[in-house]
Amino acid sequence: MRILLMKWKNGMTVLNDYTDIVLDTNILSDFLAIYFENSISIGEKFVSKYRVNNDFASKINTIILDHINDGISKYGKIVASNFAFIELARRFDECSSGRFTVDQFRAFIDSPPEWFVLESVSSDLFFELYRLPSHVLFKEEKQTIEWADAIHCATALIRGNRSLFATSDSRLNVIQIFNHRLLCIT
Amino acid sequence: MEYKFLTYSFLERIFENGEKELVGKENFHIGSISDFLYVPEMYKKGQLNLSPSSFTIGHELINDKINSGLFYLQELDHELLKANLFNDSDLDLSIATDKISPRRSITRTVLKLSPNSFWDENIIDEMEEWYDSAE
């Protein structure tokens, strides 16, 4: 029987069977920048760049390679909410920072790679949003988790209890639900 | 049958007042998933006067209306995103702008170009008017 629980090794999360990695908007921006700058669509590897560290880049490469090798990934997929794409579009110049064009952004949305899922904003998120705290105590200050941030968190939660959540928002580290499931990229 | 925009305020009243809020409201209501998903946000922030059980009951009442065909909450899926986010060769600036709230961006996206015959212009107008007055 396969081990279903997330492993925790040397302070780093380990990819397990069918583990999705869900990206928030900031990480999606960096992900797309690397995707286009490094020609990932023609077989190049993800590299550590911007907020994507070595560990995270390695996990992405594992997922991509797994799909390329046999077409069926045992490591899950890379996932972002459709809302992340809307948020990125709302702040396109800031998020893209000249690293990818509107045409490239559109091409990705039109034909994402098979290892990437654009997750729906659906009623499935309702009770996950309810479960998430509205505030967290971070660095001794009470800080609000805004609705837009919570949508990404809830998206990570509906992708199963083994999904990882890649975010640049280190405040989320204190949320109990995400214990050992955050890839906090700084 | 008259089609009406399913406002966040109406959703909020259903959660707060339960079934009695639905009496006599037999119009077909079309709304956005973003307004529905805003309910937990307002509840957690103490903006809704609800017990945990009313929260579940409200959710069930709305689901019943959806199942009986009187409410329709459009979700934002990949196909809808593809169809709405771009205008010819550029981003559609009615959606891709930070001059409106994220919630309104989703609502505009899900209501704008959905290929349903009931997606009447008056629904779009009602949606814009409601957000104008609420935000």
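Residues numbered from 1 in each chain as written. Chains lettered and ligands numbered in written order. Predicted model: local features only at pLDDT ≥ 70, side-chain atom pairs only at ≥ 80, totals over all residues.

Draft legend 1. Broad picture of the overall build of chain B. Looking only at helices and strands, chain B features six helices and five strands. The N-to-C order of helical and strand elements in chain B reads β-α-β-α-α-β-α-β-β-α-α. Radius of gyration (C-alpha) of chain B: 15 Å, near the 14 Å computed for a compact globule of 135 residues. Here the C-alpha coordinates of chain B stretch approximately 50 × 35 × 25 Å along the principal axes. Of all 135 residues assigned to chain B, the portion counted as buried reaches 34%. Intrachain contacts of chain B at a sequence separation of at least 6 include 77% that bridge at least 24 residues. (Helix = DSSP H or I, 4+ residues; strand = E, 2+ residues; numbered from the N terminus. Rg over C-alpha atoms; globule rule 2.2 N^0.38 Å. Buried ≥ 20, exposed ≤ 12 C-beta atoms within 10 Å, placed from the backbone. Contact = placed C-beta atoms within 7 Å.)

Draft legend 2. Structural context of the interface of chain B and chain A. Every contact between the two is made by 30 residues of chain B and, on the other side, 26 residues of chain A. Residue assignment for the side of chain B that touches chain A shows that the elements contributing at least two residues are helix H2 (33-44), helix H4 (78-84), strand S5 (90-91) and helix H5 (102-112) of chain B. The element that contributes the greatest number of residues to the side of chain B that touches chain A is H2 of chain B, accounting for eight residues. For the side of chain B that touches chain A, a count of residues per class yields 15 nonpolar, six polar and nine charged. (Nonpolar A, V, L, I, M, F, W, Y, C, P; charged D, E, K, R; others polar.)

Draft legend 3. Highlighting the sheet that holds strand S9 (residues 182-184) of chain A. All names here are of chain A. Strands sit in the order S5-S4-S3-S8-S9 across an open sheet of five strands; the sheet is parallel. Pairing within the sheet leaves two strands with one partner each, and these edge strands are strand S5 (116-119) and S9. Each strand axis lies, on average, 25 degrees off the axis of its neighbour in the sheet, ignoring direction. Strand direction decides the pairing type here: strand S3 (residues 21-23) and strand S4 (residues 78-81), joined by three bridges, are parallel. Note on S4: the bridge partner recorded for Val-22 is Val-79. Contacting S3, S4 and S5, helix H3 (residues 82-90) crosses the sheet at an angle of about 65 degrees to S4. (Pairing = 2+ DSSP bridges. Axes fitted to C-alpha atoms, helices over the stretch in contact; angles between N-to-C directions.)

Draft legend 4. Representation of the packing of helix H1 (residues 25-37) of chain A against H3 of chain A in the model. Residues and elements named next belong to chain A. Axis separation between H1 and H3 bottoms out at 9 Å; the angle between their running directions is 75 degrees. Taken together, the axes of H1 and H3 lie roughly perpendicular to each other. Along its contact with H1, which presents Thr-25, Leu-28 and Ser-29, the element H3 presents Ala-84, Glu-87 and Leu-88. Across the contact of H1 with H3, the residue classes tally to three nonpolar, two polar and one charged. (Parallel < 35°, antiparallel > 145°, perpendicular 65-115°, else oblique.)

Draft legend 5. Representation of the environment of Arg-106 of chain A within the structure. Residues and elements named next belong to chain A. Along the chain, the position of Arg-106 falls in helix H5 (residues 102-110). Among the residues examined, Arg-106 registers 17 C-beta atoms within 10 Å and is labelled partly exposed. As a C-alpha pair, Arg-106 and Cys-184 span 78 residues in sequence and 27 Å in three-dimensional space.

Draft legend 6. Main features of the nonpolar core. Residue and element names in this part refer to chain A. Counting residues in each nonpolar core, the largest one holds 79 residues, and the members touching the most others are Leu-23, Phe-85 and Ala-166. Here the element with the most residues in this core is helix H7 (residues 147-158); it accounts for eight residues. Here Ala-166 is in contact with Ile-21, Val-22, Leu-23, Asp-24, Ile-27, Phe-56, Leu-183 and Ile-185, once residues within four sequence places are set aside. (Core = buried A, V, L, I, M, F, W, Y, C linked by C-beta atoms within 7 Å.)

Draft legend 7. Spotlight on the sheet that holds strand S1 (residues 3-5) of chain B. All names here are of chain B. Read from one edge of the open sheet, three strands run S1-S2-S3, paired in parallel fashion. The open sheet has two edge strands with one neighbour each: S1 and strand S3 (71-74). Averaged over all pairs of adjacent strands, the angle between strand axes in this sheet comes to 25 degrees, irrespective of strand direction. Of the strands in this sheet, strand S2 (28-32) and S3 touch H2, which is tilted by about 75 degrees from S2.

Draft legend 8. Representation of the confidence of the model for chain B. Here chain B averages 85 in pLDDT, while 93% of its residues score no lower than 70. As a predicted assembly, this complex carries a pTM of 0.89 together with an ipTM value of 0.87. (pLDDT = per-residue confidence, 0-100.)

Draft legend 9. Layout of H2 of chain B. Residues and elements named next belong to chain B. In terms of residue burial, H2 counts as a mostly covered element, since ten of its twelve residues are buried. Restricting attention to buried positions, one finds in H2 the residues Ile-33, Ser-34, Asp-35, Phe-36, Leu-37, Tyr-38, Val-39, Pro-40, Glu-41 and Tyr-43. Directly after H2, the chain includes Gly-46, whose backbone phi takes a positive value near 75 degrees.

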